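Understanding the architecture of this molecule
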Amino acid sequence: SSGINAEYGEIFTHCTKLFGFKVVMLGRYQEWEGSECYFRITPGVEFIKLVVSNGRVQGALLVGETELEEVMENLILNQMDISSLGESILDPNIDIDDYFD
């Protein structure tokens, strides 16, 4: 495991490949009491799990070519309130890159 140093701090990060899929673990990617999880699953393509607490992303597990690593890292580091979006933050028809620029 390694950490990504950023202007705002450091978060746990681990990247690997499993059965040919890229796997990225960011922050606190395992849920705990009081947290909630949002999922986007496209069988054979991607699996995305966000761990959210108090409206803020605390961790993410990204499997496949999700292209969400940087956005999720920024959400975790900046602790931006995503309450208004809820699970729609994972809607593939919404470009969340634009939303958070």
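Attention here is on the structure that accompanies the text. (Residues numbered from 1 in each chain as written. Predicted model: local features only at pLDDT ≥ 70, side-chain atom pairs only at ≥ 80, totals over all residues. Heavy atoms only, no water.)

1. What to know about the pairing of strand β4 (residues 36-42)
Looking at chain direction, β4 and strand β5 (residues 46-53) are connected through seven bridges and run antiparallel. What sits directly across from T42, in β5, is E46. Here β4 folds back onto β5 in antiparallel fashion, the turn holding three residues, of which G44 has a positive phi close to 80°. (Pairing = 2+ DSSP bridges. Helix = DSSP H or I, 4+ residues; strand = E, 2+ residues; numbered from the N terminus.)

2. Comments concerning the pattern of salt bridges
On inspection of all chains with the given rule, the structure shows four salt bridges. One salt bridge connects E69 with K22, and the closest N-O pair in it is separated by 2.7 Å. With a gap of 47 residues between them, E69 in helix α1 (residues 69-78) and K22 in strand β3 (residues 21-27) connect regions that are remote in the sequence. Overall, the relative accessible area of 19% leaves E69 in the buried class. For K22, a relative accessible area of 27% corresponds to the partly exposed category. (Salt bridge = Lys/Arg side-chain N within 4 Å of Asp/Glu carboxyl O. Buried < 20%, exposed > 50% of the residue type's maximum accessible area, 1.4 Å probe, protein only.)

3. Focus: the packing of aromatic side chains
The full count for this structure, using the stated rule, is two aromatic pairs. Ring geometry for F39 against F47: centres 5.9 Å apart, planes inclined by 55°, an arrangement best described as tilted. Judged by its relative accessible area of 43%, F39 falls in the partly exposed class. Above the plane of the ring of W32 lies R28, whose end atom (NZ or CZ) is 3.6 Å from the centre. (Phe/Tyr/Trp six-rings, centres within 6.5 Å; stacked < 30°, edge-to-face > 60°. Lys NZ or Arg CZ within 6 Å of the ring centre and 35° of its normal.)

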